[in-house]
Amino acid sequence: MKEVAEKIKEAKFAIALTGAGISTESGIPDFRSKNGLWSRYDINEYGYIENFMANPAKVWKMLAEMLLTFKDVEPNPAHYALAELEKEGILKAVITQNIDNLHQKAGSKNVIEFHGNFNRLTCMKCGAKYGIDEINLEELPPKCK
Ligand SMILES: [Zn+2]
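Rules used in this analysis
- Residues numbered from 1 in each chain as written.
- Predicted model: local features only at pLDDT ≥ 70, side-chain atom pairs only at ≥ 80, totals over all residues.
- Heavy atoms only, no water.
- Helix = DSSP H or I, 4+ residues; strand = E, 2+ residues; numbered from the N terminus.
- Contact = heavy atoms within 4.5 Å.
- Core = buried A, V, L, I, M, F, W, Y, C linked by side-chain atoms within 4.5 Å.
- Buried < 20%, exposed > 50% of the residue type's maximum accessible area, 1.4 Å probe, protein only.
- Donors = N, O, S within 2.8 Å, 3.2 Å for Na, K, Ca; no water.
- Salt bridge = Lys/Arg side-chain N within 4 Å of Asp/Glu carboxyl O.
- Phe/Tyr/Trp six-rings, centres within 6.5 Å; stacked < 30°, edge-to-face > 60°.
- Pairing = 2+ DSSP bridges.
- Axes fitted to C-alpha atoms, helices over the stretch in contact; angles between N-to-C directions.

Q: Describe the side chain of His103, naming the residues involved and giving the relevant values.
A: Within the secondary structure, His103 sits in helix 7 (residues 102–106). Apart from residues lying up to four places away in sequence, His103 is in contact with Thr18, Ile22, His79, Leu82, Val94, Thr96, Ser108 and Val111.

Set out below in structure tokens:
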């Protein structure tokens, strides 16, 4: 820890790269963990855009489960620590693979979301934007307005 702190202190442009591991303490199992989505859904049937395009209703069942997991979770100390480092000017940005919005919820401002954000969904036909609360997850696939 001391060595990492020294490296961060010496860095001219420190960034953090995060993935699912940072959010597991918030109650979001990572995709590959024991209770993760890939333990219940075959990645080869659900994990690729081609699967989604071929059968959106099927893939949306998994997506709905995932999106509902994200709705009521809170950041954990790791998210808050990164937000504090940014606030102090030590950390310049967070680049994340996560779509759970927890870095922003913790106060991070400069977050680059590699895979988007669960709360900003885009219709693939017309480009209409939706927040998660605007999506009817009872009707899958959800219908565009
Ligand atoms: Zn649309």
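Q: Pulling in residues and values, what's your account of the nonpolar core?
A: The biggest cluster of nonpolar side chains holds 23 residues, and the ones touching the most others in it are Trp60, Leu63, Leu67, Phe70 and Leu121. Per-element tally for this core: the top contributor is helix 5 (residues 56–71), with eight residues. Contacts of Trp60, omitting those with residues within four sequence positions, involve Phe52, Leu67, Leu121, Leu137, Leu140, Pro141 and Pro142. Of all hydrophobic cores here, the second largest spans six residues; its members include Ala16, Ile22, Leu82 and Val94.

Q: Provide a residue-level description of the coordination of the zinc ion, including the pertinent values.
A: Protein-derived ligands of the zinc ion are Cys123 (SG), Cys126 (SG) and Cys144 (SG), with the metal-ligand distances lying across 2.2 to 2.3 Å. Along the chain, the residues donating to the zinc ion are arranged with the sequence spacing C-x2-C-x17-C. Placement of the pair is Cys126 in the loop between strand 4 (121–122) and strand 5 (129–130) and Cys144 in the segment after strand 5, with a sequence separation of 18 residues.

Q: So what's going on with the pattern of salt bridges? Which residues, and what values?
A: Any two side chains of opposite charge can pair, given that their charged atoms come close. Inspection of every chain in the model, using the stated rule, returns six salt bridges. Residues Asp133 and Lys71 are paired through a salt bridge, measuring 3.1 Å at the closest nitrogen-oxygen approach. Here Asp133 is found in the segment after strand 5, whereas its partner Lys71 is found in helix 5, with 62 residues between them in sequence. Taking relative accessible area as the criterion, Asp133 reaches 64% and is therefore assigned exposed. In this structure, Glu113 and Arg120 form a salt bridge, with 2.5 Å as the shortest nitrogen-oxygen distance. You can call Glu113 buried: its relative accessible area is 17%. A relative accessible area of 51% places Arg120 in the exposed class.

Q: Give me the lowdown on the packing of aromatic side chains, citing residues and values where you can.
A: Applying the stated rule across the entire model yields two aromatic pairs. Ring geometry for Tyr41 versus Tyr46: centroids 4.9 Å apart, planes at 70°, classification edge-to-face. Accessibility assignment for this pair places Tyr41 and Tyr46 in one class, buried. Between the aromatic rings of Phe70 and Phe118, the centroid separation amounts to 5.5 Å while the plane-to-plane angle is 65°, which identifies the pairing as edge-to-face.

Q: Account for the sheet that holds strand 2 (residues 91–96), naming residues and giving values.
A: If you walk across this open sheet you meet the three strands as 1-2-3, and the pairing is parallel. Because the sheet does not close on itself, it has two edges, and the strands there are strand 1 (14–18) and strand 3 (111–113). Going across the sheet, the axis of each strand differs from the next one's by a mean of 20°, ignoring polarity. Both strand 2 and strand 3 contribute to a ladder of three bridges, which runs parallel. Its bridge partner being in strand 3, Ile95 is matched across the sheet by Ile112.

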